[in-house]
Amino acid sequence: MGVHPNIHIPKESFPHWIWYAIECVIVIAVSLLLSREITNSIEEISPEVSNYIFIGIMGIGFLIWYVGLRRVILTKFLRNGY
């Protein structure tokens with residue numbers, strides 16, 4: 001049996017974009033949990049204000065990761081050759 005010269009072997013067996021999706025889901029989950037705990041610790045606020053605080057803290061956590069920490073962590077790992 002011969003080998004076909006036109007066979008396609010992908011470079012990666014796992015699509016690259018899935019890692020970004022997994023990272024995004026993890027960041028959203030951690031932000032939601034952190035936001036829930038902080039919002040529940042604040043007493044005597046109305047539900048409307050509680051919703052604004054909840055979404056605000058979640059957005060801040062999301063921005064802190066993607067604007068600040070992710071860049072620092074990736075440049076540190078890329079500089080060290082990981």
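Anything mentioned here points back to the structure above.
In this report, the structure presented in the accompanying data block is examined. These numbers come from a predicted model, not from an experiment. (Residues numbered from 1 in each chain as written. Predicted model: local features only at pLDDT ≥ 70, side-chain atom pairs only at ≥ 80, totals over all residues. Heavy atoms only, no water.)

### Concerning unusual backbone geometry
- The phi dihedral of glutamate 44 falls on the positive side, at around 60°, and the residue is not glycine.
- Residue placement: glutamate 44 occurs in the loop between α1 (17-41) and α2 (47-80).
- Given the relative accessible area of 82%, glutamate 44 is considered exposed. (Helix = DSSP H or I, 4+ residues; strand = E, 2+ residues; numbered from the N terminus. Buried < 20%, exposed > 50% of the residue type's maximum accessible area, 1.4 Å probe, protein only.)

### Topic: a nonpolar patch on the surface
- The grouping of Leu34, Ile38, Ile42, Ile45 and Val49 at the surface amounts to a nonpolar patch, some 350 Å² of accessible area in total.
- By secondary structure assignment, the location of valine 49 is in helix α2. (Patch = residues over 30% accessible without salt bridge, like charges linked within 9 Å, V, L, I, M, F, W, Y side chains within 5 Å. Areas by Shrake-Rupley, 256 points an atom, 1.4 Å probe, with all protein chains shown as cover. Salt bridge = Lys/Arg side-chain N within 4 Å of Asp/Glu carboxyl O.)

### What about the environment of tryptophan 65?
- With respect to the element layout, tryptophan 65 can be found in helix α2.
- It is 7.5 Å that separates the C-alpha atoms of tryptophan 65 and valine 27, two residues lying 38 residues apart in sequence.

### Let's talk about the environment of alanine 29
- Looking at the element boundaries, alanine 29 is found in helix α1.
- As for alanine 29 and methionine 58, which are separated by 29 residues in sequence, their C-alpha atoms are 9.3 Å apart.

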